[in-house]
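# Chains, contacts and geometry: an overview
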Amino acid sequence: MAVARSENDSSFKLFNCYKVENLTETILETDRISNFKDRYVLGDQLGWGQFGIIRECSDKLTGEVLACKSISKNRLVTDEDVRSIKLEIEIMTRLSGHPNVVDLKDVYEEEDYVQQVMEFIN
Ligand SMILES: Nc1ncnc2c1ncn2[C@@H]1O[C@H](COP(=O)(O)OP(=O)(O)OP(=O)(O)O)[C@@H](O)[C@H]1O
């Protein structure tokens, strides 16, 4: 996944970032419409984070086993919470491809969750 910063815009555009159709208020900046469930299936729970649950996730297209952090938007109470999620996504995006860093594959913003699809670490 790659990021770009446009000249007149200080925000980062995430190329593999999607949102569901008809989402009025969004956290992430993307115009790309796609449904997480059309591409991925969630499986067993792997752990818990501050803002949500991490589960196994398989790619319907490739069969690849991945991990998905489902960030509950309800838990993002303060502006700082929202900023920290965006920053985490931005940092993971920038560092994707590094051998010691988990690859971030796709990010989907839904009505209630931000689905962060990443490499599965055994
Ligand atoms: N890519 C992954 N592959 C396999 N398991 C994972 C992956 N990411 C997270 N996990 C599991 O989920 C647990 C919680 O993940 P993680 O610490 O990344 O969440 P977090 O949201 O960053 O937590 P916090 O913000 O509360 O520190 C991990 O300890 C691990 O067991």
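Quick caveat: nothing in here was measured; it's all calculated off a predicted structure.

Next up on the list: the site of the ligand. Neighbouring the ligand are 13 residues, the closest being Trp48, Gln50, Lys69, Glu119 and Ile121. Glu119 is positioned such that a nitrogen or oxygen atom in its backbone is 2.8 Å from a nitrogen atom of the ligand. At 2.9 Å, a backbone N or O of Ile121 approaches a nitrogen atom of the ligand. Notes on the ligand: free accessible area 620 Å², of which the protein chains cover 56%. Among the elements of the structure, β4 (40–48), β6 (65–72) and β8 (113–119) are those that each provide at least two residues to the shell around the ligand. Considering every element that reaches the shell around the ligand, the biggest residue donor is β4, with three residues. When grouped by side-chain class, the residues that make up the shell around the ligand number eight nonpolar, three polar and two charged.

Attention now goes to the confidence of the model for the protein chain. In this model, the protein chain carries an average pLDDT of 90, and 88% of its residues clear a pLDDT of 70 or more. Between residues 6–11, whose pLDDT stays under 50, and residues either more than four places distant or in other chains, the model counts four contacts. Predicted as a complex, the structure gets a pTM of 0.89 and an ipTM equal to 0.92.

So, on to helix α2 (residues 79–95). Compared with an ideal rise of 1.5 Å per residue, which puts 17 residues at 24 Å, α2 spans 24 Å between its outermost C-alpha atoms and is within 8% of the ideal. Of the positions making up α2, those classed as buried are Asp81, Ile85, Ile89, Glu90, Met92 and Thr93. At the exit of α2 stands Gly97, carrying a positive phi of roughly 100°.

The residue Asn22 is not glycine, and still its phi comes out positive at about 65°. Along the chain, Asn22 falls in the loop between β3 (17–19) and α1 (36–39).

For the rest of this paragraph, the subject is the nonpolar core. In terms of nonpolar packing, the biggest core is built from 15 residues, with Leu28, Ile89, Val107 and Val114 touching the most fellow members. Secondary-structure elements contributing two or more residues to this core are β6, α2, β7 (104–109) and β8. Not counting residues within four places of it along the chain, the set of residues in contact with Leu28 comprises Cys17, Lys86, Ile89, Val107, Glu109 and Val114. Listed in part, the eight residues of the second largest apolar core include Phe36, Tyr40, Leu66 and Tyr108.

Thresholds applied
Residues numbered from 1 in each chain as written. Predicted model: local features only at pLDDT ≥ 70, side-chain atom pairs only at ≥ 80, totals over all residues. Heavy atoms only, no water. Near = heavy atom within 4 Å. Polar contact = N/O pair within 3.5 Å; in protein donor to acceptor, adjacent residues only side chain to side chain. Areas by Shrake-Rupley, 256 points an atom, 1.4 Å probe, with all protein chains shown as cover. Helix = DSSP H or I, 4+ residues; strand = E, 2+ residues; numbered from the N terminus. Nonpolar A, V, L, I, M, F, W, Y, C, P; charged D, E, K, R; others polar. pLDDT = per-residue confidence, 0-100. Contact = heavy atoms within 4.5 Å. Expected span 1.5 Å × (residues − 1). Buried < 20%, exposed > 50% of the residue type's maximum accessible area, 1.4 Å probe, protein only. Core = buried A, V, L, I, M, F, W, Y, C linked by side-chain atoms within 4.5 Å.

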